[in-house]
Amino acid sequence: MRILISAGEASSEMYGAQLIEALRRRLPAAEFFGVGGERMQQAGCDLVVDARVHLSVVGISEIVSKLPSIYAQFRKLVQEVDRRKPEIAVIIDSPAFNFRVAREVHRRGIPVVYYVTPQLWAWRQYRVERVRKWVTKALPIFPFEEKFFRENGVEAEYVGHPLADIPPPSITREQFADEFKLDARKQWIALLPGSRRKEVKMNLPAMLDAAADLGDAYEYLLPVASTIHPGWLASRLRNSPQRIHLVSDAFASMKHSRAAIVASGTATVEAALTGTPFVVVYRVSPITWNLGRRLLKVPFVAMPNLIAGKEIVPELLQHDFTSKRVVECLRPLLKEGMERITMIRQLELVRERLKQEQRVGTAADRAADAILKVLKESSKPRQKKSRA
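Residues numbered from 1 in each chain as written. Predicted model: local features only at pLDDT ≥ 70, side-chain atom pairs only at ≥ 80, totals over all residues. Heavy atoms only, no water.

Novice: Any chance you could explain the overall build of the protein here in plain terms?
Specialist: On a plain count of helices and strands, the protein comes out with 17 helices and twelve strands. The burial tally for the protein puts 57% of its 388 residues in the buried class. Entry remark: accessible area of the protein is about 17700 Å², with carbon and sulfur atoms responsible for 50%. (Helix = DSSP H or I, 4+ residues; strand = E, 2+ residues; numbered from the N terminus. Buried < 20%, exposed > 50% of the residue type's maximum accessible area, 1.4 Å probe, protein only. Areas by Shrake-Rupley, 256 points an atom, 1.4 Å probe, with all protein chains shown as cover.)

Okay, structure coming up:
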């Protein structure tokens, strides 16, 4: 049994590692190969393409400049598909790359499961036609997505959000302070600029300016994403007037912080699950921004706001993302008051929404069971054909 798994983001390769472990419990002899990073490799996946090296790009202008390299890695993956002939393919998020994987795999008669489906309901909805054409089954992780896909003719099963299964960090605030030489007497502010270099370059400078404006009354924590080299990240801090502490656990950082500044993306869901008040920020190139906002079909970009159906956390995007605006939004969340209390209550409702929809087992377990069903169904015609 050979299974192709393709995950191109830091968060999606974590989901891929969880899925491999869940599938291995059901199929001990299965072989896994594909696209991912260190976590998937540690889980036993043979990496044909290292996503950390070849696919960690963001924005239209950056993607265009890296197209020759990305396409070369894509061809390499397709060659391995032809050589290894997997029984099923699982693609995880990363639609720009994985739609092409789905197309080529589908052409070869291999069933495709899309786990952690792209947010087509938010922008570029026309791409749902690609899912309908190339994907055997979609496994969305947000409760409202199953209806969207079913209404658009895609077989879909909501399996829950993998982050909702993560237990609270076991490390205490005091232990965290000792490990990273933090002042436990001060309030902490977590800075999460993104998991890719381009995101850090675009988002971190304004975060550092905001830290400078807030001053040394706080400790500033900067979690290092698995896709970012700590040395490179440290080099971005040389001109910062504030002391920024590089730490290794984003979830614990946010949990033990008084507030956070979080780049739009998966980290906003993590922040909501910790219950820590935060501000959402994001900046991209002007080309990406001008094209993207025309295609956006929803009023918000932060998932907690989309789940809540209203803006419960401030969104500072592009030109609105300045250090002054960040500080203006953050100060009321740092002190006791109605703004802080209200946001904490609203985040609790978001957490309840994500967790109350959960069923037996973890999201990875439910995804693994759904994949096994697809495998079973796809093998039926082949069995009949072999008898004939």
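What follows continues from the structure just given.
Novice: So what exactly am I meant to see when it comes to the sheet that holds strand 1 (residues 2–7) here?
Specialist: To summarise the sheet geometry, strands pair through backbone hydrogen bonds and adopt either a parallel or an antiparallel arrangement. Within the open sheet, the six strands sit side by side as 3-2-1-4-5-6. Their pairing is parallel. The sheet is open, and its two edges are formed by strand 3 (45–50) and strand 6 (137–139), each paired on a single side. This sheet shows a mean twist of 20 degrees between the axes of neighbouring strands, independent of strand direction. Against the sheet, helix 1 (residues 10–26) touches strand 1, strand 2 (31–36), strand 3, strand 4 (88–92) and strand 5 (112–115), its axis set at about 160 degrees to strand 1. Of the strands in this sheet, strand 1, strand 2, strand 4 and strand 5 are in contact with helix 5 (residues 95–107), which crosses strand 5 at around 165 degrees. (Pairing = 2+ DSSP bridges. Axes fitted to C-alpha atoms, helices over the stretch in contact; angles between N-to-C directions. Contact = heavy atoms within 4.5 Å.)

Novice: Even after reading the chapter, I still don't get the side chain of Arg366, so can you show me in this structure?
Specialist: By secondary structure assignment, the location of Arg366 is in helix 17 (residues 363–387). Summary of buried charges: Arg366 has no salt-bridge partner, and the nearest side chain of opposite charge, Asp165, is 4.5 Å away. Only 2.6 Å separates the side chain of Arg366 from the backbone oxygen of Val159, close enough to count as a polar contact. (Lys, Arg positive; Asp, Glu negative; His and termini not counted. Salt bridge = Lys/Arg side-chain N within 4 Å of Asp/Glu carboxyl O. Polar contact = N/O pair within 3.5 Å; in protein donor to acceptor, adjacent residues only side chain to side chain.)

Novice: Please explain the pattern of salt bridges as it appears in this structure.
Specialist: Where charged atoms from two side chains of opposite charge approach closely, those side chains can pair. On inspection of all chains with the given rule, the structure shows 23 salt bridges. Between Glu129 and Arg132 there is a salt bridge, with the nearest N and O atoms lying 2.1 Å from each other. Of the two residues, Glu129 and Arg132 both sit in helix 6 (residues 128–134), three residues apart, roughly one turn of that helix. Owing to a relative accessible area of 36%, Glu129 belongs among the partly exposed residues under this scheme. Across the pair Glu151 and Lys147 runs a salt bridge, and its minimum N-O distance is 3.9 Å. One end of the pair, Glu151, and the other, Lys147, are both in helix 7 (residues 145–151), four residues apart, so they sit about a helical turn from each other. Neither Glu151 nor Lys147 differs from the other in exposure class; each is exposed.

Novice: Where do I start with the sheet that holds strand 7 (residues 187–192) in this structure?
Specialist: Strand order in the open sheet formed by six strands is 9-8-7-10-11-12, and the pairing between neighbours is parallel. With one partner strand each, in any of the chains shown, strand 9 (244–247) and strand 12 (315–317) form the two edges of the open sheet. Averaged over all pairs of adjacent strands, the angle between strand axes in this sheet comes to 20 degrees, irrespective of strand direction. In the packing of helix 9 (residues 197–214) onto the sheet, contacts are made with strand 7, strand 8 (218–223), strand 9, strand 10 (259–263) and strand 11 (278–282), and the angle to strand 10 comes to roughly 155 degrees.

Novice: In this structure, what is going on with the confidence of the model for the protein? I would like to understand it.
Specialist: Detailed reading of the predicted coordinates is not advisable wherever pLDDT falls low. On average, the protein scores 88 in pLDDT, and the residues at 70 or more come to 90%. The low-confidence segment residues 382–388 (pLDDT under 50) makes zero contacts with residues lying over four places distant or belonging to another chain. (pLDDT = per-residue confidence, 0-100.)

Novice: Mind showing me how you'd approach unusual backbone geometry here?
Specialist: Of all residues except glycine, most have a negative phi; of all peptide bonds, most are trans. Even without glycine at this site, Asp93 takes up a positive phi of about 55 degrees. For Asp93, the position within the fold is in the loop between strand 4 and helix 5. One non-glycine residue, Gln318, adopts positive backbone phi at about 50 degrees. Mapping Gln318 onto the fold places it in the loop between strand 12 and helix 15 (323–334).

Novice: How should I be thinking about the nonpolar core in this particular structure?
Specialist: Across soluble globular proteins, you tend to see nonpolar side chains buried next to one another. Ranked by size, the top nonpolar core spans 123 residues in total, and within it Ile3, Ile5, Leu19, Tyr115, Leu191 and Leu330 carry the most contacts. When sequence neighbours within four positions are dropped, the list of residues in contact with Leu191 reads Met207, Leu208, Tyr220, Leu221, Leu222, Pro223, Ile244 and Ile261. Grouped together as the second largest cluster of nonpolar side chains are nine residues, Phe176, Leu182, Trp188 and Val247 included. (Core = buried A, V, L, I, M, F, W, Y, C linked by side-chain atoms within 4.5 Å.)

Novice: So what exactly am I meant to see when it comes to the pairing of strand 5 here?
Specialist: Residues in a regular strand point their side chains to alternate faces of the sheet. Burial of the side chains of strand 5 extends over both faces: Val112 and Tyr114 are buried on one face and Val113 and Tyr115 on the other. With four bridges connecting them, strand 4 and strand 5 associate as parallel partners. Counted as the bridge partner of Ala89 is Val112 from strand 5. For strand 5 and strand 6, the ladder comprises three bridges, and the chain directions are parallel. Bridged to Val113 within strand 6 is Lys137.

Novice: Can you help me understand helix 15 in this one?
Specialist: Residue pairs three or four apart in sequence face the same way in an α-helix, which turns once every 3.6 residues. Counted at 1.5 Å a residue, the expected span for helix 15 with its twelve residues is 16 Å, and the 16 Å between its end C-alpha atoms agrees. Those residues of helix 15 that fall on the buried side of the exposure criterion are Ser323, Val326, Val327, Cys329, Leu330, Pro332, Leu333 and Leu334. (Expected span 1.5 Å × (residues − 1).)

Novice: What exactly am I supposed to notice about helix 1 here?
Specialist: The end-to-end C-alpha distance of helix 1, which contains 17 residues, comes to 25 Å, matching closely the 24 Å that a straight helix rising 1.5 Å per residue would cover. Those residues of helix 1 that sit buried are Ala10, Ser11, Ser12, Glu13, Met14, Tyr15, Gly16, Ala17, Leu19, Ile20, Ala22 and Leu23.

Novice: Even after reading the chapter, I still don't get the packing of aromatic side chains, so can you show me in this structure?
Specialist: How two aromatic rings sit relative to each other is set out by the distance from centre to centre and by the angle between their planes. Inspection of every chain in the model, using the stated rule, returns seven aromatic pairs. Relative to Phe144, the ring of Phe142 has its centre 6.1 Å away and its plane inclined at 15 degrees; by these criteria the two rings are stacked. Overall, Phe142 belongs to the buried group, its relative accessible area being 5%. Taken together, the ring pairs connect Tyr71, Phe74 and Phe97 into an aromatic cluster. (Phe/Tyr/Trp six-rings, centres within 6.5 Å; stacked < 30°, edge-to-face > 60°.)

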